[in-house]
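What the coordinates show
These are the residues of each chain, in order.
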Amino acid sequence: MAESITLRVTDLIKHYGSVRAVDGVSFSVPTASVFTLLGPNGAGKTTTLEILEGIRRPGGGSIEVFGERRLRIDRAVKERMGVLLQDGNFEPELKVREVIGLFASFFRRSLPIDAVLERVALKEKESALVRTLSGGQRQRLAVGVALVNDPELVFLDEPTTGLDPQARRAMWSLVSELKDSGKTIILTTHYMEEAETLSDHVSIMDHGRVIVDGTPRELTAGLGEETFIEFDGRGLSDVQLASLDARCGAMRSDDDLVSLETADFAGAMDRLISWAKEAGVPLRDITVRQPNLEDVFLSLTGRRLRE
Amino acid sequence: MSGITAVARTYLVTNLRERITLFWFLVFPLFLLTILTLIFGGLGSDLETTFAVGLVNSARANGGPTDFSSMVERAFVHLSSSDSPDRRPLFRLHRPADGEDPRAFLDREKDAVRIGDRALLIEIPAGFNEALLASVGGAGPPAAIAISVSGGRISSEIARSIADQVIAGVNERILTVVGRFDPSQALTVESARVGSNGRDFLYVDFLLPGVVLMAFFTAGLFGVPGTILFGRERKILKRYWVTPLETRRFLAGFSLGHLALCATQFVALYLLGRFAFGARVALLSPLSLAFLALAASVFLAFGFLISSLARTANAAMAIANILNLPMMFLGGLFFPIGELPAILRAVMLANPVTYLADGLRTALGVTTPMVPCAATIAVPVAWAVVCVVVAARRLQWGAEQ
């Protein structure tokens, strides 16, 4: 049986004057999966999402959602989708419960307010004014609002930006739960761990285009049998770095992190240790890892995601 | 609950919870009503004051139908009597005692006028009846009644204008009696009463409708762009546009919420004016309520206009501030507008507030109309239409819909 597709985007275009914010983006999102747009700030992820959310008009291309081709995202589509905006806000003088009730009233069908409050763990904060909430609580409220209509399709635009690690992990488990309950999720992020952990499919965007897509495993497998050996390079002189490069090859050094990429892990470790002994370098915080999506982006663009 | 009422409720609740809007939309109008009534409340009671007036009739009474001097005297005596126990007479007359020398009385009373003990001294001179007869017979100049006033004293000036009208009334009666005047055009003494509908004038009756309009005005010009533009800048509105709520449903709820805010302002001001300051003005009459609804809608439309002209909330506040002073003070909200230089008069005549205030006060019977009745509705409605048309074309909601 062919898997069903909730959303299919073909050649989506959005130009602002000479700026090609979205420049021919295509992807499909299977039902009950997590699809991630990964890319640096300004890559066009949010613009793409805002077209699909119905608050920007596409300059070209086609959108097929819930099995129908649409020229614009109309009220009927919005009834079935939930949105967490990257920069959305709520009236600071409303209470948490009032916010949920307000948004619930916009939909023909909505979940009970208490169910939503419990879902995002804000029951004990229901009488608090929005302006008194912490950043994490606000984000939970925004998630609650996104889920108030029990949507089939959920957009989460940078859901964990600015959250502390604990709140981030809570968001990740929420996304998994949503997927398990059969919802289709479209996520944007510039955290590669997030994309790797959550996604069934990833499209990596840069300069308004999808530069590569696939499952996280497919994407990293494209880099071959490489292994990365990394250590803290603070305090190393240029001469020391040059001798390391001459000895081991394929060395990169930025953010004070020295990174060796190799297909021959054992040989590379031998060479690195003998170099360290001669140069008297302690190899602080040494780690060995397999390639990740960050490396995929780096190998395709020569830049890091968070530059 | 439909989205419209939820949006309306949100507008009302947030404006009443936010301390700044609560102050400007509710506390400040109540405060202004209190302060202005306490300071200027005396304006009305001044006119209720009984004026001390000296009256001497030196003309020889003849008791016949041409005893005009007695007619004048009776008219003033009438003013010094009260037709109801809770109303004070306009004049308290001081007349020569029996057997007192009129000359000595006149001298004494003139001194009293000079130092302010008397507002007026009225003297019907000797030979008045003869002179009047000659005058109406076409054989002489009009007969004169001498009135002494104290220059620059307000009570003196007001009493004099009352006396003038009394004399004009008597004059017409005399002319009617002798067949020289068409009675249908005769003015009566009663029209000289200051105030309205025969009631005494109270400043709070004049002020209360003005403060209600000011409160609506502030809420419309500041509250509407504040909510829309801050909502757009802080991406509060954007959050609505990713739901099935369309802008027209949002607008309906928003407008409903704004009118509910105005109704709240009205109730608070009415209760304060009615029960703290004894206002008797009939603000709850259907005509008055219709006018208030018109005013609230016109200022709402102005709010939309400002929202559409300004790029940012701060720019909108600046525009509202620029419009605030001329529109409010050249609209006659707090004080009657008298003579104005041409340019200010032009502003006044273009100002919808002028028409709303005039129309509302006329509907309430507080003042006589300054502008034609149709204009009190037509001009504000025309402004509202212009505002809505411009806003509909220009207003950005923060989404490409």
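Residues numbered from 1 in each chain as written. Chains lettered and ligands numbered in written order. Predicted model: local features only at pLDDT ≥ 70, side-chain atom pairs only at ≥ 80, totals over all residues.

**Here's the deal with the interface of chain B and chain A**
- Contact with chain B, which involves 22 residues of that partner, is made by 23 residues of chain A.
- Sort the elements by how many residues they give to the side of chain B that touches chain A and helix α1 (residues 3-17) of chain B lands first, with six residues.
- Here the side of chain B that touches chain A is built from residues that sort into nine nonpolar, five polar and eight charged. (Contact = placed C-beta atoms within 7 Å. Helix = DSSP H or I, 4+ residues; strand = E, 2+ residues; numbered from the N terminus. Nonpolar A, V, L, I, M, F, W, Y, C, P; charged D, E, K, R; others polar.)

**Things to note about the sheet that holds strand β13 (residues 257-262) of chain A**
Residue and element names in this part refer to chain A.
- If you walk across this open sheet you meet the four strands as β12-β13-β11-β14, and the pairing is antiparallel. The sheet terminates laterally at β12 (251-254) and β14 (287-289), the two strands that pair on one side only. Sheet twist, expressed as the average angle between the axes of neighbouring strands with direction ignored, equals 20 degrees.
- When strand β11 (residues 227-232) meets β14, the two strands line up antiparallel, connected through three bridges. The partner of Ile229 across the bridge, within β14, is Val288. (Pairing = 2+ DSSP bridges. Axes fitted to C-alpha atoms, helices over the stretch in contact; angles between N-to-C directions.)

**Comments concerning the packing of helix α11 (residues 286-309) of chain B against helix α15 (residues 373-394) of chain B**
Residues and elements named next belong to chain B.
- Interhelical geometry of α11 versus α15 gives an angle of 30 degrees and a closest axis separation of 8 Å. With respect to their mutual orientation, α11 and α15 come out roughly parallel. Both α11 and α15 take part in a crossing whose hand is left-handed. Where α11 approaches α15, its residues Leu294, Ser297, Val298, Ala301, Phe302, Phe304, Leu305, Ser307 and Ser308 are matched on the opposing element by Ile377, Pro380, Trp383, Ala384, Cys387, Val388, Val390, Ala391 and Arg394.
- Per-class residue counts for the contact of α11 with α15 are 14 nonpolar, three polar and one charged. (Parallel < 35°, antiparallel > 145°, perpendicular 65-115°, else oblique. Left-handed = near helix turned anticlockwise from the far one by under 90°.)

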